[in-house]
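Structural overview
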Amino acid sequence: MVTILSIKLKNRSGLHARPASVFVRKCKAFKSIIKVQKGDKVADAKNILQVLSLGADCGDEILIEINGEDEKIAAEEIKKLVEEELPEIDK
Amino acid sequence: MPVFKGIIASQGVSIAPLIRYIVKTVEDLDITYCEFSTREEIRLDVALEKYIELLSEIKKKAPESERELLEAYELMAQSLVDEAKDIVRSENICSELAVKRVYLKYRDSFRESGSSLIALREADLRSIASSLIKYLMGYTEGGGILDIRDKIIIAEDVTPTDMIKFAKEGVKGVVTLKGGVTSHAAIIARSNDIPYIIIPEIRLDDIKDGEIAVLDALDGLLVVKPGESELEKYMAKLTRFEELKSIIRRNAFIKATTLDNYIVDVLCNIRDLEEARVASSSGCDGVGLFRIEFLYMMKEKAPSEDVLYNTFIKVAEFFRDKVVVIRAPDLGADKPLPYLILKEDNPFLGLRGIRLLLEYREEIFKPFLRAFLRALRVYENLRLLLPMVTTTREVRETVELLNTLIGELRLDNKMLSSIKIGIMVETPAAALMIDKLVETGLIKFVSYGTNDLTQYTLAVDRGNVRVSYLYDELDPALLRLLEISVSKALEKGIEVEVCGEMASKIPAIPVLLGLGIRGLSVNPTQVGLVKYVISKLSVNSVKKELLSRVLSSSNNEESRRSIREYMVSIGLEELKPWL
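A brief report on the enclosed structure follows. (Residues numbered from 1 in each chain as written. Chains lettered and ligands numbered in written order. Predicted model: local features only at pLDDT ≥ 70, side-chain atom pairs only at ≥ 80, totals over all residues. Heavy atoms only, no water.)

Before going further, it helps to spend a moment on the overall build of chain A. Looking only at helices and strands, chain A features three helices and four strands. The helix and strand sequence of chain A, counted from the amino end, reads β-α-β-β-α-β-α. For 91 residues, the compact-globule formula gives about 12 Å, and the C-alpha radius of gyration of chain A, at 12 Å, lands near that figure. Counting only residues that meet the buried cut, chain A has 54% of its 91 residues in that class. In chain A, the proportion of contacts linking residues at least 24 apart, taken out of those at least 6 apart, comes to 71%. Positive and negative side-chain charges in chain A, numbering 16 and 16 respectively, have mean positions lying 4 Å apart. (Helix = DSSP H or I, 4+ residues; strand = E, 2+ residues; numbered from the N terminus. Rg over C-alpha atoms; globule rule 2.2 N^0.38 Å. Buried < 20%, exposed > 50% of the residue type's maximum accessible area, 1.4 Å probe, protein only. Contact = heavy atoms within 4.5 Å. Lys, Arg positive; Asp, Glu negative; His and termini not counted. Charge placed at Lys NZ, Arg CZ, Asp CG, Glu CD.)

Let us look at the nonpolar core. In this structure, F368, Y448 and L520 of chain B are the most contacted members of the largest nonpolar core, which totals 117 residues. Sort the elements by how many residues they give to this core and helix α11 (residues 361-378) of chain B lands first, with nine residues. Residues F30 and V36 of chain A together with Y21 and A47 of chain B belong to the second largest nonpolar core, which totals 87 residues. (Core = buried A, V, L, I, M, F, W, Y, C linked by side-chain atoms within 4.5 Å.)

Contact with chain B, which involves 30 residues of that partner, is made by 23 residues of chain A. Counting the surface lost from both chain B and chain A, the interface buries some 2300 Å², and carbon and sulfur atoms represent 58% of this. The largest contributions to the chain B side of the interface with chain A come from E68, L75 and K314 of chain B, which together make up 22% of the buried area. Across the contact surface, chain B and chain A share two salt bridges. Between D57 of chain A and K314 of chain B there is a salt bridge, with the nearest N and O atoms lying 3.8 Å from each other. Our enumeration of links across chain B and chain A arrives at four residue pairs in polar contact (both at pLDDT 80 or more). Broken down by secondary-structure element, the contributors of at least two residues to the side of chain B that touches chain A are α2 (67-91), α3 (95-113), α4 (116-136), α6 (184-191) and α9 (305-319) of chain B. The residue makeup of the side of chain B that touches chain A, split by class, is 12 nonpolar, eight polar and 10 charged. (Buried area = accessible area lost by both parts, 1.4 Å probe. Salt bridge = Lys/Arg side-chain N within 4 Å of Asp/Glu carboxyl O. Polar contact = N/O pair within 3.5 Å; in protein donor to acceptor, adjacent residues only side chain to side chain. Nonpolar A, V, L, I, M, F, W, Y, C, P; charged D, E, K, R; others polar.)

Residue and element names in this part refer to chain B. Tallied over the entire structure, the rule returns 53 salt bridges over all chains. One salt bridge connects R320 with E317, and the closest N-O pair in it is separated by 3.0 Å. Residue E317 is classed as buried on the basis of its relative accessible area of 17%. Between E397 and R361 there is a salt bridge; the shortest N-O distance is 2.6 Å. In this pair, E397 is assigned in helix α12 (residues 392-408) and R361 in helix α11, connecting sequence segments 36 residues apart. Judged by relative accessible area, R361 falls into the partly exposed class, the value being 25%. Taken together, the shared-partner salt bridges connect E27, R107, D108, R111, E122, R126 and D157 into one network.

Residue and element names in this part refer to chain B. Contact geometry of helix α5 (residues 160-168) with α6 gives a least axis separation of 8 Å together with a crossing angle of 20°. The pairing of α5 with α6 is recorded here as roughly parallel in orientation. Handedness of the α5/α6 crossing: right-handed. Here P160, M163 and I164 of α5 lie close against α6, whose contacting residues are H184, A185, I188 and A189. Its residues assigned to classes, the contact of α5 with α6 comprises six nonpolar, one polar and no charged. (Axes fitted to C-alpha atoms, helices over the stretch in contact; angles between N-to-C directions. Parallel < 35°, antiparallel > 145°, perpendicular 65-115°, else oblique. Left-handed = near helix turned anticlockwise from the far one by under 90°.)

In structure tokens, the structure reads:
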């Protein structure tokens, strides 16, 4: 099975260094293979250089594809992180 | 006494000798071949370990807000080393080249990503890769040959690690050619009170080590080899700034109110998304002028409707419930475009601003207006400002065009009357005809662009050193023109703002308030100071005791003297260095 999340980035600075670092660390905590897609670019969610290369900015739609034994819990936590915790960092 | 103008990244004033800071980066590594050994992966691990050690050393001294960034650096270094190992294994090349290759790969993909903030990360990546290479080649961080204590550093660019080192070693100020106000080096400079400005035009070759300079990171100036009187002036400014610093900081987040309870909006001028992001947390009441020319210049073609739309909604989102004034691009004159060659003998009096937009409406104006309308449908805080208006026909044609586009986009046709359209007054013609321009209907506000208005009124090109001494926003000619114009605009019951540099100049503030201006759009770093000055003034007192004196002065020296005397008479000696 594969779980796919479609999320709009709401935090002011998108996935740049600071939020990207929080995001990558979260993804690294799971065993699943996790990919992030923005437009036609795909990145390994556990590699910060690739995540930064997406240039995912505030207001952009991203797709997150999670594949592995812990994908359900991973999907839940990543969704919460991007939608709730990252916008908190702005403040 | 050369004077350079730059962008303020960290406020302050300092007077000290200059020293050039030249560092080798990964880009300077010019080997194309090197011996591969079986120990490459171990070498990479050791370099990474040393780098992480350096980061934890820095973390101890870095402000709280920077810790997460340093963690991001650690992740970046790890990913970089992981990929370098793959290359070492598959291609049998040495670690230095592998690191450089990974660096180049991501540098290019960061550039292509098109986000201004990600582009800054290119500098971070360069700094990480450079450190790794230094460790691989057996050098230690920094080198430490330069004596930088009590000096003003001038460099191509500096990394956050450099900046932390500067703070530790007691550097007095920093000037760079590259960089941005949201760079981490800038944040570190701010939290360590190191004055820092970015001057793209300066050349390192023009600077000699040891030359005395004034770094005025309050007005964004570097004065090299100042004369005695200049030096004295800046000494005083330095002392005052130290005294006022904390008051200015506190004031940035308070609504500006005069002693007699007039509320003044202090807005920000911004020129790209990066500045917008900084400005959104600077305490300003919104954006009074969003210059979008950066989207048009240095590009192969004009930006698409979608690029414009995305930019507008981003800025609108940063400010949410606060006003954001987007100025239609003011192209032409001193802003040449590769895709639009205008051969004119006198470009400042030629096809520029609204004239150019209406002439090239298909290519430039329509995509802009369509993007604006689409963004306005989502964010009601957006406003539209028209540059270089001189005739009522230009306003009418723009409104007609908006009406057509509303139809094309199938938007509600009641939308037209809800658009907040403003006129930028930059010419004496617009200043004098403001009532008639407003009568065209739909004009909700006026913004005085005092830089061009001063140039056109006084017939002075401020960039021309032979006549720039004649350029002064406090020349009574300009003040008289403003008086006539602002009172006409206020009679029509519309909002009146000033968005030129005049709005951030301390001596101009009492005069502008006295004339009836209630909106000042300033550089983000000036918000606290401008609000503080407003809080010390009384509009009624200015009207009674200053305005007529200034308006009846015979020249700018006289008007400035009157202002200075007035400010001192109401107890504002502390602001003398700015007067």
